[in-house]
Structures are given as C-alpha cells and as structure tokens.
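The lines below spell out each chain.
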Amino acid sequence: GFELELASSGRVIPVAADQTALAALLAAGLDIPMSCEQGVCGTCLTGVKSGVPDHRDQYLTPEERAANNQFLPCCSRASSARLVLDL
Ligand code: FES
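What this report covers is the structure whose coordinates are included nearby. What you are looking at is a predicted structure, and each value in this text was computed from that prediction instead of being measured.

### Overview of the side chain of Asp57
So, point 1. With respect to the helices and strands, the residue Asp57 is situated in the loop between strand S4 (53–54) and helix H2 (62–67).
So, point 2. A distance of 2.8 Å separates the side chain of Asp57 from the backbone nitrogen of Leu60, its partner in a polar contact.

Here is the structure:
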C-alpha cells in the first residue's frame with residue numbers, strides 16, 4: 001500500500017494493496033468525480049503536488065505521465081510511499 005496526503009488539510013489517507021486510490025478517497029468522504037473506473041475517460045483526474053505516481057491509465061499522454069503532476073486514482077497507484085494530492 002501507499003499513502004495519499006491532502007494538500008489543503010494535511011490529512012493522510014492510507015491506500016491498502018487491494019484497494020484503489022479512488023476507493024480510498026471516496027471512503028474518506030471526498031467527492032471525486034468518476035465515470036469509467038478503468039483509466040480511460042479522464043473524469044477522475046487529480047492533481048499531484050509531490051510524490052511519483054505509478055500511472056496505469058490509458059488516458060494521459062507520455063509527456064503528461066512524465067510530468068508527475070496529475071494522476072487517475074481509479075486505476076493508478078504510487079511508486080513513492082506517499083502522494084500529496086491537490087485536494
Ligand atoms: Fe475514468 Fe478514472 S474514472 S479515468
């Protein structure tokens with residue numbers, strides 16, 4: 001697993017190995033827009049302020065992936081222990 005930190009509040013939300021980042025955010029009470037839940041539509045796109053996403057979507061371009069400043073929490077995870085999100 002890994003952790004998500006909300007930049008606005010400093011709140012830390014753990015993501016279990018068998019849970020998506022989106023599921024963890026929703027369970028924590030955040031209102032994240034979503035649709036496909038398969039990394040295709042881009043609806044759940046969330047800004048990343050620090051940390052390294054493990055991009056597993058089919059939506060971002062290679063350049064967008066490399067910038068490490070946004071990710072799709074319905075399918076993507078983290079390569080670093082924590083991602084600080086623009087939430
Ligand atoms: Fe479609 Fe995340 S809900 S990419």
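### Details of the sheet that holds strand S2 (residues 12–15)
So, point 1. With respect to topology, 5 strands assemble into an open sheet ordered S2-S1-S7-S3-S5, the strand pairing being mixed. Two strands in the sheet have a free side with no partner beyond their single neighbour: S2 and strand S5 (70–71).
So, point 2. In this sheet, S2 lies alongside strand S1 (residues 2–6) in antiparallel orientation, the contact comprising 4 bridges. The residue of S2 that forms the bridge with Glu3 is Pro14.

### Some thoughts on the environment of Ala28
So, point 1. Mapped onto the elements, Ala28 comes out in the loop between helix H1 (21–27) and strand S3 (46–50).
So, point 2. Apart from residues no more than four positions distant in its own chain, Ala28 is found in contact with Arg11 and Ile13.

### What about the pairing of strand S7 (residues 82–85)?
Within a regular beta strand, the side chains point alternately toward one face of the sheet and then the other, so they alternate between its two faces.
So, point 1. Judged from the 4 bridges that link them, S1 and S7 form a sheet pairing that is parallel. Bridged to Glu5 within S7 is Val84.
So, point 2. Pairing analysis gives 2 bridges linking S3 to S7, with the strands arranged antiparallel. Counted as the bridge partner of Val48 is Leu85 from S7.

### Remarks on the environment of Gln58
So, point 1. Structurally, the position occupied by Gln58 is in the loop between S4 and H2.
So, point 2. Judged by its relative accessible area of 64%, Gln58 is exposed.
So, point 3. The spacing of Gln58 and Asp18 is 40 residues in sequence and 21 Å in space, taken between C-alpha atoms.
So, point 4. For Gln58, the contacting residues outside a window of four places in its chain are Gln38, Gly39, Val40 and Arg65.

### Quick word on the pattern of salt bridges
So, point 1. Applying the stated criterion across every chain yields a total of 5 salt bridges.
So, point 2. Where Arg82 meets Glu5, a salt bridge forms, and the shortest distance between an N and an O atom there is 2.7 Å. Of this pair, Arg82 sits in strand S7 while Glu5 sits in strand S1; the two residues are 77 residues apart in sequence, bridging distant segments of the chain.
So, point 3. Here Arg65 ties to Asp57 by a salt bridge, and the two come within 3.8 Å at their closest N and O atoms.
So, point 4. Classification of Asp57 by relative accessible area gives buried; the value is 4%.
So, point 5. Members of the salt-bridge network, linked through shared partners, are Glu3, Glu5 and Arg82.

Quick notes on the rules
Residues numbered from 1 in each chain as written. Predicted model: local features only at pLDDT ≥ 70, side-chain atom pairs only at ≥ 80, totals over all residues. Heavy atoms only, no water. Helix = DSSP H or I, 4+ residues; strand = E, 2+ residues; numbered from the N terminus. Polar contact = N/O pair within 3.5 Å; in protein donor to acceptor, adjacent residues only side chain to side chain. Pairing = 2+ DSSP bridges. Contact = heavy atoms within 4.5 Å. Buried < 20%, exposed > 50% of the residue type's maximum accessible area, 1.4 Å probe, protein only. Salt bridge = Lys/Arg side-chain N within 4 Å of Asp/Glu carboxyl O.

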